[in-house]
Amino acid sequence: MRPKFDPEALPVIETDSRRAPLSAPRMQPDFIRHRLLSPPSWEPELTDESRIYDKTRGLREAAVLVPLVQQRDGLTVLLTERNANLTSHAGQISFPGGRQETYDADRIATALRETEEEIGLKRDFIEVLGSLPDYITGTGYHVSPIVGLVRPGYTLQADAGEVADIFEVPLSFLMDPARHERRLLRWEGGERQFYSMPYPREGGGHRFIWGATAGMLRNLYHLLAA
């Protein structure tokens, strides 16, 4: 049985101040486009989430979009805050996306469809650049993260049943390893480590980016830094 816990209350065991923040040229659309098209030799960072999902149920296939928005001051990452009353991942910060359906041609189609359904971002504004390594979540999802470059001019419309808020975080903030906190959960069944990247909220507090979303962003950092 997976433990129920408040991830924000758990201790930070370290932040990664050993690695340098991503340089500005590596956060330009042309560099990211080329890096995903012709990636160098690099090693994704494995998490231990796959150790705690219920293996008797099997994995559910899903895809998310990692939307890199072209803003005047540089790229941002578009994220959603899920409604607090959902039965799965309630209140969490996530990428737009969801479960793959039988009528989806592939994982890219899943990510684009779910993005349009959840936040109203039409695929005409998205250039698919490539994908990050698949990610197995502690809730038993096999997730394919699809990286997309979003050009200006779009409008957003949140699905009120799923999405409480849509917001953006500068890519430079998320690509600074000093912001990458490793936290530790211990319970009777074992222990789990995960990343968190708390982003200051206007008016105080933080938007608490953690778990699978933070893990995928961590792999984006490794790929662009390689």
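Residues numbered from 1 in each chain as written. Predicted model: local features only at pLDDT ≥ 70, side-chain atom pairs only at ≥ 80, totals over all residues. Heavy atoms only, no water.

A.B. asks: I'd like a description of the environment of Glu 162, backed by residues and values.
C.D. replies: Its place among the elements puts Glu 162 in the loop between β8 (141-150) and β9 (163-170). Separated by 45 residues in sequence, Glu 162 and Glu 117 have C-alpha atoms that sit 9.9 Å apart. (Helix = DSSP H or I, 4+ residues; strand = E, 2+ residues; numbered from the N terminus.)

A.B. asks: Can you explain the nonpolar core? Please cite residues and give values.
C.D. replies: Counting residues in each nonpolar core, the largest one holds 39 residues, and the members touching the most others are Leu 171, Leu 174, Met 175 and Ile 209. Looking at this core, the elements with two or more residues in it are α1 (29-37), β2 (60-71), β3 (74-82), β8, β9, α3 (171-174) and α4 (211-225). Element by element, the count of residues in this core is highest for α4, at eight residues. (Core = buried A, V, L, I, M, F, W, Y, C linked by side-chain atoms within 4.5 Å. Buried < 20%, exposed > 50% of the residue type's maximum accessible area, 1.4 Å probe, protein only.)

A.B. asks: Could you give an account of the sheet that holds strand β1 (residues 12-15), with specific residues and numbers?
C.D. replies: Picture the strands of a sheet paired through backbone hydrogen bonds; they go either parallel or antiparallel. Here three strands make up an open sheet; going across it, the order is β1-β10-β11 and the pairing antiparallel. The sheet terminates laterally at β1 and β11 (190-196), the two strands that pair on one side only. For this sheet the average axis-to-axis angle between neighbouring strands, irrespective of direction, equals 25°. When strand β10 (residues 181-187) meets β11, the two strands line up antiparallel, connected through seven bridges. Each residue of the ladder has a partner; that of Trp 187, found in β11, is Gly 190. (Pairing = 2+ DSSP bridges. Axes fitted to C-alpha atoms, helices over the stretch in contact; angles between N-to-C directions.)

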